[in-house]
Amino acid sequence: MKDQAERLRELMKERTSGKEEHLVKNTAKVLAITSGKGGVGKTNFAINLAIAIRRLGYNVLIFDADIGLANIEILTGTSMKYTIADLILNNKNIYEIIGEGPEGIKIISGGSGFNELSMMNDENIRKLLGQIGKLESSMDFIIIDTGAGVSNIVLDFIMTADEVILITTPDPTSLMDGYTVIKALTTNGYKGKLNIVTNIVSNRMEAIGIFNKLNRASNNFLKVELSFLGYLEKSSVVNKAVRNQQPFLLSSPLSPISKSINIMALNFADIGKHDELKQENSFAQKLKDLFFGRGG
Ligand SMILES: Nc1ncnc2c1ncn2[C@@H]1O[C@H](COP(=O)(O)OP(=O)(O)O)[C@@H](O)[C@H]1O
Ligand SMILES: [Mg+2]
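As the structure is a computational prediction, the values presented were derived from the model and not from experiment.

A. Structural detail: the sheet that holds strand β5 (residues 141–146). With mixed pairing, the eight strands of this open sheet are ordered in space as β3-β4-β2-β5-β1-β6-β7-β8. Edge strands, defined here as strands with exactly one partner in the open sheet, are β3 (99–100) and β8 (227–233). Summarising the sheet, strand β1 (residues 29–34) and strand β6 (residues 163–168) pair through four bridges and their orientation is parallel. Pairing of Ile33 across the sheet is with Ile165, part of β6. Strand contacts of helix α2 (residues 42–55): β1, β2 (60–65), β5, β6, β7 (193–201) and β8, with the helix running at about 170 degrees to β5, the strand carrying the most contacts.

B. Local environment of the pattern of salt bridges. Under the definition given, this model contains four salt bridges. For Lys37, the salt bridge identified is with Asp171, shortest N-O distance 3.1 Å. Of this pair, Lys37 sits in the loop between β1 and α2 while Asp171 sits in the loop between β6 and α8 (172–187); the two residues are 134 residues apart in sequence, bridging distant segments of the chain. By relative accessible area, Lys37 is classed as partly exposed at 28%. A salt bridge links Glu100 to Lys106; its shortest N-O distance comes to 2.5 Å. With a relative accessible area of 23%, Lys106 lands in the partly exposed category.

C. Quick look at the side chain of Thr169. Relative to the helices and strands, Thr169 resides in the loop between β6 and α8. Classification of Thr169 as buried rests on a relative accessible area of 8%. In contact with Thr169, other than residues within four places in its own chain, are Val40, Ser174, Leu175, Asn199, Ile200 and Ile210.

D. Molecular detail of the pairing of β2. Burial analysis of β2 places six of its six residues in the buried class, the great majority of the element. Alternating residues of β2 divide into Val60, Ile62 and Asp64 and Leu61, Phe63 and Ala65, and every residue in both groups is buried. By the bridge criterion, three bridges tie β2 to strand β4 (residues 106–108) in an arrangement that is parallel. Opposite Ile62, over in β4, you have Ile107 as the bridge partner.

E. Spotlight on the nonpolar core. Grouped together as the largest cluster of nonpolar side chains are 52 residues, with contacts concentrated most on Phe63, Ile84, Met120, Ile142, Phe157, Ile182 and Leu185. Setting aside anything within four residues of it in sequence, one finds Leu185 in contact with Leu155, Ile158, Met159, Val164, Tyr190 and Leu194.

F. Just the site of ligand 1, in detail. Of all residues adjacent to ligand 1, which total 14 residues, the nearest are Lys42, Thr43, Asn44, Asn199 and Asn239. The separation between an oxygen atom of ligand 1 and a polar main-chain atom of Gly39 is 2.9 Å. Separating an oxygen atom of ligand 1 from a side-chain N or O atom of Asn239 is a distance of 2.5 Å. Protein coverage of the free-state accessible area of ligand 1, which is 570 Å², stands at 81%. With respect to the pocket detection grid, ligand 1 is positioned in the largest pocket. Of all the elements in the fold, those that place two or more residues in the shell around ligand 1 are α2, β7 and α10 (236–244). Tallied by class, residues from the shell around ligand 1 come to four nonpolar, seven polar and three charged.

Cut-offs applied
- Residues numbered from 1 in each chain as written.
- Chains lettered and ligands numbered in written order.
- Predicted model: local features only at pLDDT ≥ 70, side-chain atom pairs only at ≥ 80, totals over all residues.
- Heavy atoms only, no water.
- Pairing = 2+ DSSP bridges.
- Helix = DSSP H or I, 4+ residues; strand = E, 2+ residues; numbered from the N terminus.
- Contact = heavy atoms within 4.5 Å.
- Axes fitted to C-alpha atoms, helices over the stretch in contact; angles between N-to-C directions.
- Salt bridge = Lys/Arg side-chain N within 4 Å of Asp/Glu carboxyl O.
- Buried < 20%, exposed > 50% of the residue type's maximum accessible area, 1.4 Å probe, protein only.
- Core = buried A, V, L, I, M, F, W, Y, C linked by side-chain atoms within 4.5 Å.
- Near = heavy atom within 4 Å.
- Polar contact = N/O pair within 3.5 Å; in protein donor to acceptor, adjacent residues only side chain to side chain.
- Areas by Shrake-Rupley, 256 points an atom, 1.4 Å probe, with all protein chains shown as cover.
- 1 Å grid on protein atoms, 1.4 Å probe; cavity = no way out; pocket = protein on both sides within 12 Å on 5 of 7 lines; lining within 4 Å.
- Sits in = over half its atoms within 2 Å of the grid points.
- Nonpolar A, V, L, I, M, F, W, Y, C, P; charged D, E, K, R; others polar.

Structure below.
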């Protein structure tokens, strides 16, 4: 596989030959939710975190980058008129394909079907990233729900995020695959904050134990430091929410896991810190760093 940063640099060279870059105003903070293994709770986490941050007064958009699976729509009981396929194939602009989710969150659908996935070549990813960059001036947070694993598409989306939130469960394969994602990001020169959320755990002690394992391995072998964002207990509230197609923050607002999500959202709420961070860490700056190298 071609070095990821190099591949993106090539893409960006083409992109900056257009003029759109100068129109990008930086405000949104981009968070990528990811995992090594599928089915660990990414989409449920992404939706509920989006709502929790929205309730703190921010404009939040979820971009469903788990292309072709339309899980955001299923789990929010919504159906979007347009998907990224309309942007790529039918020349809709990014504003046209944004739909409404619960409680005022905005959603961009990744579509449902194999066609959406098969059209994600380098050119189309470039087009998409360029268009997402335009949303920086109108959104406070862009939450990207990625697919699992370390495919090129997943890495492309993560590399442009200000912060990563990696979800892992106590399952040893989830932990191992999570480490593989951290390794791939580090190898590709990712410099943003790496937050860890442990999901489907029994208690705080177990959650911290899992985080410590992952952090020790990352410290020792990759020389990177991870941040513990929080944990969610194993809870029947999640399956109930999935079945009812209603985020658990709405269906079970007082449950322990809803409280945990609300506390995690507060981590992103400090506007002063947010602006400070953004100056060094904007999406546009990330793209530039990726494509031209740091300090270039
Ligand atoms: N905290 C939790 N407690 C119990 N089950 C959970 C929890 N989080 C996720 N799940 C289970 O995992 C399934 C997959 O969740 P989902 O968010 O779709 O994962 P992903 O997006 O990583 O594939 C859910 O349908 C639910 O059954
Ligand atoms: Mg998912």
